[in-house]
Protein chains: 2
Amino acid sequence: MISLTGARGEGGYGRAMQSRTPASRTGRPRSAAADAAILAATREALVELGWSGLTLGGVASRAGVAKTTLYRRWAGKNELVVDAVAELFDALEPPDRGSLAADVEGVVLQFAALLSRPEARSGLMAVLSESTLDEALRERIRVSIVERQEHLVRAGRARAQDRGELPPEPDPDGAARTVGLLFGMVAGAVVHRTLVSGRPVDEEWVHDFTRVLLWGLVTAGTGP
Amino acid sequence: MISLTGARGEGGYGRAMQSRTPASRTGRPRSAAADAAILAATREALVELGWSGLTLGGVASRAGVAKTTLYRRWAGKNELVVDAVAELFDALEPPDRGSLAADVEGVVLQFAALLSRPEARSGLMAVLSESTLDEALRERIRVSIVERQEHLVRAGRARAQDRGELPPEPDPDGAARTVGLLFGMVAGAVVHRTLVSGRPVDEEWVHDFTRVLLWGLVTAGTGP
DNA sequence: GTATTACGCTACGCCCCGTAGCGAAAGCGT
DNA sequence: ACGCTTTCGCTACGGGGCGTAGCGTAATAC
């Protein structure tokens, strides 16, 4: 059970909430505590039951909230899980370890730690699967999860260029392409390692990966 | 409706079928045509309805088969979809285009074409999600899908070493590590590009990716 | 021909979905 | 202090998928 006397304020929280009609300034306000409790309960249920075992009725009772309250905020399982998982990704921080290689390894390790959590794994993969036939859902995932994290790559790249480890990229279009490419290679490799092959993202693997990413397969043997 | 007078034989088909008790040499044999019809119907349903919309009853009626027949072969949605998707991956072939870069691009393009099919996308991601809490399922995916395709990397690598494009790898353990790493980088990047960012695997992206993979981010500007 | 197994069909209890309707509670504005 | 408005918890409902059981029939092996 939770207290529903939700502290209002905290503007800009509702990342992807719906029906946030700004004209509703009268009447009983929605409980922000209920939002938080529902999202936390969703992550709990993902850990214990996985995607297919997660039921909205179960989440509601876990959160100490009526099922109708949950349905007033989220349209269904997909939207709910996207928001619940998106909160996890906000913990990622751009590392500053002194060299490009170390920064890359830092991002990889952070991302791997995130994906080692069952709620992130089952939730993320499931909504990606659902987004195959739901373009709006895919866009929601991209905006509230993926695009929010590309700053990690941009920050690391800018620092490396300041240090002289990377040549400056004069073409802004090319720079954007490179950021997207690198983000995809890092995220994709970690996802595959963690979820598909199921082998650990240990120091050895991170080292091998970073070496190939920075100096390439051909010259990887000759790198520092 | 399908003919159920299944032609027997075709040994070794049942990749991951269950209860294939070899002692069952008597009685009416199982219809191989039913197997094929069910797997095809599963892929059809994945395209039209996606993972969450797929129901075993629907698959059965689509395949012209009783629901009980389906349950005699597969324990549930997960196992069924793994087998249905695994068949798609058998179409991948090791390319031989004359250079390492061209071979990499060939594998990437084949893999991207495969993941552009909705049945592969929704099916694969969904079972990966489910495998988070089901170790046996994850192993089944790894064996019947992933591991079967690592020969693509091994073949390309061997050819590149014959051509002198890559240094020989004397350490067999290191070689195995490199194969796994490269496979993960290729598959992961394509998955991310296709499913997460939703942007196309076009010639430009494949070229950029191959350049970074072979010559690294640092020296990518100076490669051939 | 007989034993054995698979097949199609029907029916069942169980659970979850998503919505509707109700009275009560909690702020907002005066 | 007092209505107004909106949200809250609760209950109930039809609809549909799940997975199983039981039956009579069909197709093989011996």
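Note that this is a predicted model, so its numbers are computed, not measured.

S.K.: Before we go on, may I ask you to explain the overall build of chain A in this structure?
M.R.: When you go through chain A residue by residue, the secondary structure sums to ten helices and zero strands. For chain A, the α and β elements follow one another from N to C terminus as α-α-α-α-α-α-α-α-α-α. In chain A, which comprises 224 residues, the share counted as buried stands at 40%. In chain A, the share of contacts with a sequence separation of at least 24, taken over all contacts with a separation of at least 6, comes to 68%.

S.K.: Even after reading the chapter, I still don't get the interface of chain A and chain B, so can you show me in this structure?
M.R.: Note: interface size is frequently given as the accessible area lost on complex formation between the parts. Of the residues lining the interface, 45 residues belong to chain A; the matching set on chain B comes to 45 residues. Listing elements by their share of the side of chain A that touches chain B, those giving two or more residues are α1 (32-53), α6 (118-130), α7 (135-146), α9 (172-197) and α10 (203-219) of chain A. Sort the elements by how many residues they give to the side of chain A that touches chain B and α9 of chain A lands first, with 15 residues. In terms of residue class, the side of chain A that touches chain B is built from 24 nonpolar, 14 polar and seven charged.

S.K.: Explain the protein's contact with DNA strand D here, please?
M.R.: Taken together, 26 residues surround DNA strand D, and among them Gly27, Arg28 and Thr69 of chain A together with Arg28 and Thr55 of chain B come closest. For the surface near DNA strand D, the secondary-structure elements that each account for two or more residues are α3 (67-73) of chain A together with α2 (56-63) and α3 (67-73) of chain B. A per-class count over the surface near DNA strand D returns seven nonpolar, 13 polar and six charged.

S.K.: How do you make sense of helix α4 (residues 77-89) of chain A when you look at a structure like this?
M.R.: Side chains of residues three or four places apart in an α-helix project in the same direction, reflecting 3.6 residues per turn. All names here are of chain A. Here α4 spans 19 Å end to end across 13 residues, near enough to the 18 Å set by a 1.5 Å rise per residue. The complete set of buried residues in α4 reads Asn78, Leu80, Val81, Val82, Asp83, Ala84, Val85 and Ala86. Taken together, the buried residues of α4 touch α1, α6 and α7.

S.K.: I tried to follow the relation of the copies chain A and chain B on my own but got confused; where do I start?
M.R.: One chain copy maps onto the other through a rotation about an axis and a shift parallel to that axis. Superposing chain A onto chain B takes a rotation of 180 degrees plus a shift of 0.0 Å along the axis, which leaves an RMSD of 0.1 Å. In short, the pair behaves as if placed about a two-fold rotation axis. Comparing contact sets, 100% of the residues at the interface of chain A also lie at the interface in chain B, consistent with an isologous, same-surface contact.

S.K.: For this particular structure, what's the right way to read the protein's contact with DNA strand C?
M.R.: Around DNA strand C, the surrounding shell holds 26 residues, and the nearest of these are Arg28 and Thr55 of chain A together with Gly27, Arg28 and Thr69 of chain B. Looking at the surface near DNA strand C, the elements that each hand over two or more residues are α2 (56-62) and α3 of chain A together with α3 of chain B. Here the residues of the surface near DNA strand C are counted per class, giving seven nonpolar, 13 polar and six charged.

S.K.: Before we go on, may I ask you to explain the nonpolar core in this structure?
M.R.: In a soluble, globular protein the nonpolar side chains are often hidden away together inside. The biggest cluster of nonpolar side chains holds 118 residues, and the ones touching the most others in it are Ile38, Met185 and Val186 of chain A together with Ile38, Met185 and Val186 of chain B. With near-sequence residues (within four places) excluded, valine 186 of chain B lies in contact with Val107, Val108 and Phe111 of chain B.

S.K.: Would you take a moment to explain the domain arrangement of chain A for this structure?
M.R.: All names here are of chain A. By domain assignment, chain A separates into domain 1 (32-74) and domain 2 (87-222). For domain 1 and domain 2, the distance between their C-alpha centres works out to 29 Å. Listed per partner, the contact involves six residues of domain 1 and six residues of domain 2. Along the lines of polarity and charge, the residues of the side of domain 1 that touches domain 2 split into four nonpolar, one polar and one charged.

S.K.: What's the story with the packing of helix α5 (residues 100-115) of chain B against helix α8 (residues 150-163) of chain B in this structure? I'm lost.
M.R.: Packed helices, taken two at a time, are described by the angle between their axes plus the distance between the axes. All names here are of chain B. Two numbers describe how α5 lies on α8: the axes approach to 10 Å, and their chain directions differ by 170 degrees. With respect to α8, the element α5 is oriented roughly antiparallel. Where α5 abuts α8, its residues Leu100, Asp103, Val104 and Val107 lie against Leu152, Gly156, Arg159 and Ala160.

S.K.: For this particular structure, what's the right way to read helix α6 (residues 118-130) of chain B?
M.R.: Residue and element names in this part refer to chain B. Its 13 residues give α6 an end-to-end C-alpha distance of 18 Å, which sits within 8% of 18 Å, the value for a rise of 1.5 Å per residue. Burial analysis of α6 places twelve of its 13 residues in the buried class, which makes it a mostly covered element. Within the sequence span of α6, burial applies to Glu119, Ala120, Arg121, Ser122, Gly123, Leu124, Met125, Ala126, Val127, Leu128, Ser129 and Glu130.

S.K.: Would you mind going over the environment of proline 167 of chain B with me for this structure?
M.R.: All names here are of chain B. Structurally, proline 167 can be placed in the loop between α8 and α9 (172-197). C-beta crowding within 10 Å serves as the criterion here: with 13 such atoms nearby, proline 167 is assigned to the partly exposed category. Taking the C-alpha atoms as reference points, proline 167 and arginine 148, 19 residues apart in sequence, are found 25 Å from one another.

S.K.: How should I be thinking about the environment of threonine 132 of chain B in this particular structure?
M.R.: Note on placement: threonine 132 of chain B falls in the loop between α6 and α7 (135-146). Along the sequence, threonine 132 of chain B and glutamate 204 of chain B sit 72 residues apart, while their C-alpha atoms lie 34 Å from each other. Apart from the residues lying within four places of it in its own chain, the contact partners of threonine 132 of chain B are Gly50, Pro118, Arg121 and Ser122 of chain A.

S.K.: Honestly, the confidence of the model for chain A in this entry has me stumped. Any pointers?
M.R.: Detail in the predicted coordinates should be disregarded across regions flagged by low pLDDT. Confidence in the prediction of chain A, expressed as mean pLDDT, is 87, and 87% of residues score 70 or more. In this model, residues 3-22 of chain A is a region of pLDDT below 50 whose contacts with residues beyond four sequence positions or in other chains number 24 contacts.

The rules behind the values
Residues numbered from 1 in each chain as written. Chains lettered and ligands numbered in written order. Predicted model: local features only at pLDDT ≥ 70, side-chain atom pairs only at ≥ 80, totals over all residues. Helix = DSSP H or I, 4+ residues; strand = E, 2+ residues; numbered from the N terminus. Buried ≥ 20, exposed ≤ 12 C-beta atoms within 10 Å, placed from the backbone. Contact = placed C-beta atoms within 7 Å. Nonpolar A, V, L, I, M, F, W, Y, C, P; charged D, E, K, R; others polar. Near = placed C-beta within 6 Å. Expected span 1.5 Å × (residues − 1). Least-squares fit on C-alpha atoms with pLDDT ≥ 70 in both. Core = buried A, V, L, I, M, F, W, Y, C linked by C-beta atoms within 7 Å. Domains from an automatic or database assignment. Axes fitted to C-alpha atoms, helices over the stretch in contact; angles between N-to-C directions. Parallel < 35°, antiparallel > 145°, perpendicular 65-115°, else oblique. pLDDT = per-residue confidence, 0-100.

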